[in-house]
Amino acid sequence: MATLNIFIAQRFDGAAQGFADADAAAVSSHITDFFKKVCEGTGFNSASVFRNPVVTQIGASDLLCYLVSSPERSIAISKGATSLGPGGTTIPVASGSGVLSEAYLSACAGDSNRNKLLANLIMHELMHNKLDARPGKVIVDVHKIPGGAISKDVVTSGMSPSDADIKAMRRGVSGAVAQYTGGL
Ligand SMILES: [Zn+2]
């Protein structure tokens, strides 16, 4: 049995942004909880979240999300995104370079539970990554999953993944989706 690995590539200095190692750990913990539930009944027996990978760590079915300080630091905009989401963006990068997901720390500024909101935004983008931004969509539009919570277009820190979010992600999680590693 395999482990699903989720990698978060932080593209800013945490100390300068008030985002300490303990904050990153809290974000990772929320994401781990979600993906452990997603993995139940799939080919994965567990899920683990790691920070700041090197390319060779990323397996065929693994996930990668860039964490950037703000949309002004977007990687997606330099890779063909025509618009950016308020909390993050996921696009297929042209010429088979993989699917790129990114989330914006600035979208969580001032929130009473910043780390949970940031985790929800990352999970939202990773749902796009495995479900509707990939070649051969599994779901037409993640935002329209009936009963969805963190999959909706407006994501808050008060949300937790719903059963519908978990079940939807199970449908796509086992598929191999090449991740955009050009930003590592
Ligand atoms: Zn979305």
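Chains are numbered independently. Their residues run from 1 in the order of the written sequence. Selection of residues for local features in this predicted model requires a pLDDT of at least 70, selection of side-chain atom pairs for listing and counting requires 80 or more, and totals for whole chains, interfaces and linings are taken over all residues.

Our next topic: the environment of Leu126. By the element assignment, Leu126 lies in helix α2 (residues 114-131). Beyond its immediate chain neighbours, meaning those up to four positions away, Leu126 contacts Ile6, Leu63, Cys65 and Ser101. Under the DSSP-based scheme used, a helix requires at least four consecutive residues in state H or I and a strand at least two consecutive residues in state E, with every element numbered from the N terminus. Any pair of residues counts as being in contact when their C-beta atoms, constructed from backbone geometry, are within 7 Å of one another.

Time to look at the pairing of strand β4 (residues 88-92). In this scheme every C-beta is placed from the backbone, and a residue whose C-beta has 20 or more other C-beta atoms within 10 Å is buried, one with 12 or fewer is exposed, and one in between is partly exposed. Within β4, four of the five residues are buried, leaving the element largely enclosed by the surrounding structure. Each pair of strands is called paired provided DSSP finds at least two bridges between the two strands. Linking β4 to strand β5 (residues 99-104), which pair antiparallel, is a turn of six residues; within it Ser95 sits at a positive phi near 55°.

A word on the nonpolar core. One broad trend across soluble globular proteins is that nonpolar side chains are buried collectively. Ile6, Ile31, Cys65, Leu118 and Ile122 are the most contacted members of the largest nonpolar core, which has 50 residues in total. Looking at this core, the elements that each hand over two or more residues are β1 (2-10), α1 (21-39), β2 (44-51), β3 (63-68), β5, α2 and α3 (163-173). In terms of residue count, α2 provides more of this core than any other element does, nine residues in total. The residues touching Ile6, leaving out its near neighbours within four places in the chain, are Ile31, Phe35, Ala47, Val49, Asp62, Leu63 and Leu126. Each nonpolar core reported here comprises buried Ala, Val, Leu, Ile, Met, Phe, Trp, Tyr and Cys residues connected via C-beta atoms within 7 Å.

Before going further, it helps to spend a moment on the sheet that holds β4. The strand order across the open sheet formed by five strands is β2-β1-β3-β5-β4, and the pairing between neighbours is mixed. Two strands bound the open sheet, and with one partner strand each, they are β2 and β4. The mean angle between the axes of side-by-side strands here comes to 20°, regardless of whether they run parallel or antiparallel. Contacting β1 and β2, α1 runs over the sheet at an angle of about 160° to β2. Simply put, an axis is a line fit to the C-alpha atoms, just over the touching stretch for a helix, and the angle between two N-to-C directions goes from 0 to 180 degrees.

Below, the discussion takes up the packing of α1 against α2. For any two helices packed against each other, one specifies the inter-axial angle together with the distance between the axes. Where α1 contacts α2, the axes come no closer than 9 Å and their chain directions differ by 50°. Accordingly, the angle class assigned to the pair α1 and α2 is oblique. Seen from above, α1 lies across α2 with right-handed handedness. Residues Asp23, Ala26, Val27, His30, Ile31 and Phe34 of α1 form the contact with α2, whose participating residues are Asn115, Lys116, Leu118, Ala119, Ile122 and Met123. Note on terminology: angles under 35 degrees are roughly parallel, angles over 145 are roughly antiparallel, angles of 65 to 115 are roughly perpendicular, and the others are oblique. For a crossing to be left-handed, the near helix must be turned anticlockwise from the far one by less than a right angle; the clockwise case is right-handed.

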